[in-house]
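Single-letter residue listing:
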Amino acid sequence: MPTKMIEVKKLQKKFKDTMVLKDITEEVDKGQVICVIGPSGAGKSTFLRCLNALEQPTGGQVLFEGQDLTGMSDKELDQIREKMGMVFQSFNLFPNMTVLKNIMIAPVKVKGIAEDQAKETALKLLKQVGLENKADQYPDQLSGGQKQRVAIARALAMDPEVMLFDEPTSALDPEMVEEVLKVMRDLATSGMTMVVVTHEMGFAKEVADQIWFMADGYIQESGKPEDFFAHPTSERAKEFLQKILK
């Protein structure tokens, strides 16, 4: 039996008078790679941010390993978030710290890991993302693709059980997209549980176990990539794919 990592039950999110998420129920199993795709404004990023309670849902539940995040205190949430790595569109690196220090800071400050151990892990992760020669550089000396790979290494330094990616390549020049997707492909191959909001359809086809197609505030269709891309069932998905797969 698959182990349920994340369970979403009747999730709703309202901003003022606008219902952005409408009654979403889905689950993510351990080791699964889910790609969330859909038109801009569908609520994809809001949905992802609800998974680790960066956005508080208006209704429904989000459970991580059986624990309901929606009623937790900030302190309890912080402990859960240590297990959930998050990579944003913007890299959010500390500009006054070297690449190495950017990766080391959270394990040392949050988890209390010894500096030498954190450094050893950080150097391994830099090698994993192909940036072992950039350890002593500062973020402003890096390209966008390199910054995003550092951001992924920084998230991995906390040894998370699941990685959440919010359109990690959308702010990058086209030639830098591939280097970030390669790191993500390798992660998926290694068995990391991942939920990825993405516009990269080739990546979604290749890597996802499940596609969740989101439009107008809810998941209108979910299924295996080969089924979804070849035979979408909802009119909304057909219309979306016609526009983007020309």
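For the structure, see preceding data.
Once a new chain begins, its residue numbering starts again from 1 and follows that chain's sequence as written. With pLDDT at 70 or above as the cut-off, local features in this predicted model cover only qualifying residues; side-chain atom pairs require 80 or more to be listed or tallied, and sums for whole chains, interfaces and linings still use all residues. Values reported for side chains reflect all heavy atoms of the structure, with hydrogen atoms and water molecules removed beforehand.

Student: I'm lost on the overall build of the protein chain in this one. Help?
Tutor: Comment: elements are numbered from the N terminus, with helices defined as DSSP H or I runs of at least four residues and strands as E runs of at least two. Along the backbone of the protein chain there are nine helices and 10 strands. C-alpha atoms define the radius of gyration, and 2.2 Å times the number of residues to the power 0.38 defines the globule rule. For 246 residues, the compact-globule estimate of 2.2 N^0.38 gives 18 Å, and the C-alpha radius of gyration of the protein chain, at 18 Å, lies within 12% of that figure. Here the protein chain holds 246 residues, and the buried ones make up 51% of them. In the protein chain, the proportion of contacts linking residues at least 24 apart, taken out of those at least 6 apart, comes to 65%. Burial classes: relative accessible area under 20% of the type maximum marks a residue as buried, over 50% as exposed, and values in between as partly exposed (1.4 Å probe, protein chains only). Two residues form a contact once any of their heavy atoms are found within 4.5 Å.

Student: What exactly am I supposed to notice about the packing of helix H3 (residues 99–109) against helix H5 (residues 144–156) here?
Tutor: Working note: a packed helix pair is described by the angle between its axes plus the distance between those axes. Angles shown run from 0 to 180 degrees and are taken between the N-to-C directions of axes, each axis being a line fitted to C-alpha atoms and, for helices, limited to the stretch in contact. Two elements in contact, H3 and H5, have axes whose closest approach is 8 Å; the angle formed by their N-to-C orientations is 25°. The orientation of H3 with respect to H5, classified from their angle, is roughly parallel. The hand of the H3/H5 crossing is right-handed. Between H3 and H5, the contacting residues are Val99, Asn102 and Ile103 on the first element and Val150, Ala153 and Arg154 on the second. The classification used treats Ala, Val, Leu, Ile, Met, Phe, Trp, Tyr, Cys and Pro as nonpolar, Asp, Glu, Lys and Arg as charged, and all other residues, Gly among them, as polar. In terms of residue class, the contact of H3 with H5 is made up of four nonpolar, one polar and one charged. Should an angle fall under 35 degrees it is taken as roughly parallel, and over 145 as roughly antiparallel, whereas 65 to 115 is taken as roughly perpendicular and any remaining angle as oblique. Left-handed describes a crossing in which the near helix is turned anticlockwise from the far one by less than a right angle; the clockwise case is right-handed.

Student: For this particular structure, what's the right way to read the sheet that holds strand E8 (residues 193–197)?
Tutor: Each strand in a sheet pairs with its neighbour through backbone hydrogen bonds, running either in the same direction (parallel) or in the opposite one (antiparallel). For two strands to be treated as a pair, DSSP must find at least two bridges joining them. Read across the open sheet, the six strands follow the order E6-E7-E8-E3-E9-E10; overall the sheet is mixed. With one partner strand each, in any of the chains shown, strand E6 (84–87) and strand E10 (218–223) form the two edges of the open sheet. Averaged over neighbouring strand pairs, the angle between their axes works out to 15° when direction is ignored. With five bridges connecting them, strand E7 (residues 162–166) and E8 associate as parallel partners.

Student: In this structure, what is going on with the environment of isoleucine 24? I would like to understand it.
Tutor: Inspection of the secondary structure puts isoleucine 24 in strand E2 (residues 18–29). Expressed as a C-alpha distance, the spacing of isoleucine 24 and lysine 83, which sit 59 residues apart in the sequence, is 23 Å. For isoleucine 24, the contacting residues outside a window of four places in its chain are Val8, Lys9, Lys10, Leu11, Phe47, Met214, Gly217, Tyr218 and Ile219.

Student: Got a minute to help me understand the nonpolar core in this structure?
Tutor: One recurring pattern in soluble globular proteins is that nonpolar side chains are buried together. Counting residues in hydrophobic clusters, the biggest one holds 52 residues, and the most contacted among them are Ile103, Ile152, Met163, Phe165, Met184 and Met194. For this core, the element with the most residues is helix H6 (residues 174–189), which contributes eight residues. Contact partners of isoleucine 152, with chain neighbours within four places excluded, come to Val87, Met163, Phe165, Val180, Val183, Met184 and Leu187. Residues belong to a common nonpolar core when they are buried Ala, Val, Leu, Ile, Met, Phe, Trp, Tyr or Cys residues joined through side-chain atoms within 4.5 Å. Formed by 30 residues, the second largest nonpolar core is a distinct cluster that contains Ile34, Met84, Met86 and Ile219.

Student: I tried to follow the layout of surface pockets on my own but got confused; where do I start?
Tutor: Gaps left between atoms are located by rolling a probe of water-molecule size over the structure's atoms. A pocket, in this scheme, is an open set of points on a 1 Å grid over the protein atoms alone with protein on both sides within 12 Å along at least 5 of 7 lines, while a cavity is a set where a 1.4 Å probe fits but cannot get out; residues line either one if an atom lies within 4 Å of a point. Grid points are joined across faces, edges and corners, and a volume is the space filled by probe spheres set on the points. In this structure, the largest pocket spans a volume of roughly 570 Å³. Every residue lining the largest pocket is counted, 20 residues in all, and those nearest its centre are Arg81, Met84, Met86, Ala106 and Met158. Among the elements of the structure, helix H2 (74–81), E6, H3 and H5 are those that each provide at least two residues to the lining of the largest pocket. Taken together, the residues of the lining of the largest pocket break down into 12 nonpolar, four polar and four charged.

Student: How should the side chain of glutamine 148 be read in this particular structure?
Tutor: For glutamine 148, the position within the fold is in helix H5. Residues contacting glutamine 148, with those up to four places away along its chain left out, are Val87, Phe88, Gln89, Phe91, Pro168 and Val180.

Student: What should I look at first to understand the pattern of salt bridges in this one?
Tutor: Close approach of charged atoms allows side chains with opposite charge to pair. Salt bridges are defined as contacts in which a side-chain nitrogen from Lys or Arg sits within 4 Å of a carboxyl oxygen from Asp or Glu. The final tally for this structure, using the stated rule, is 14 salt bridges. The salt bridge partner of glutamate 55 is arginine 49, with a shortest N-O separation of 3.8 Å. Looking at glutamate 55, the relative accessible area reads 18%, which means it is buried. For the salt bridge of glutamate 235 with lysine 238, the shortest nitrogen-to-oxygen distance reads 3.4 Å. Taken together, the residues span about one helical turn, with glutamate 235 and lysine 238 both in helix H9 (residues 235–244) at a distance of three residues. For glutamate 235, a relative accessible area of 58% corresponds to the exposed category. Counted as one network, the salt bridges with shared partners bring together Asp216, Arg236, Glu239 and Lys243.

Student: I'm lost on unusual backbone geometry in this one. Help?
Tutor: Glycine aside, negative phi is the norm for most residues, and most peptide bonds take the trans geometry. Backbone geometry at lysine 16 places phi at a positive 55°, although glycine is not the residue there. Tracing the chain through its elements places lysine 16 in the loop between strand E1 (4–15) and E2. Unusually for a residue other than glycine, alanine 53 sits at a positive phi of about 60°. Following the sequence through the fold, alanine 53 ends up in the loop between helix H1 (44–51) and strand E4 (59–64).

Nothing here speaks to function; it is geometry throughout.
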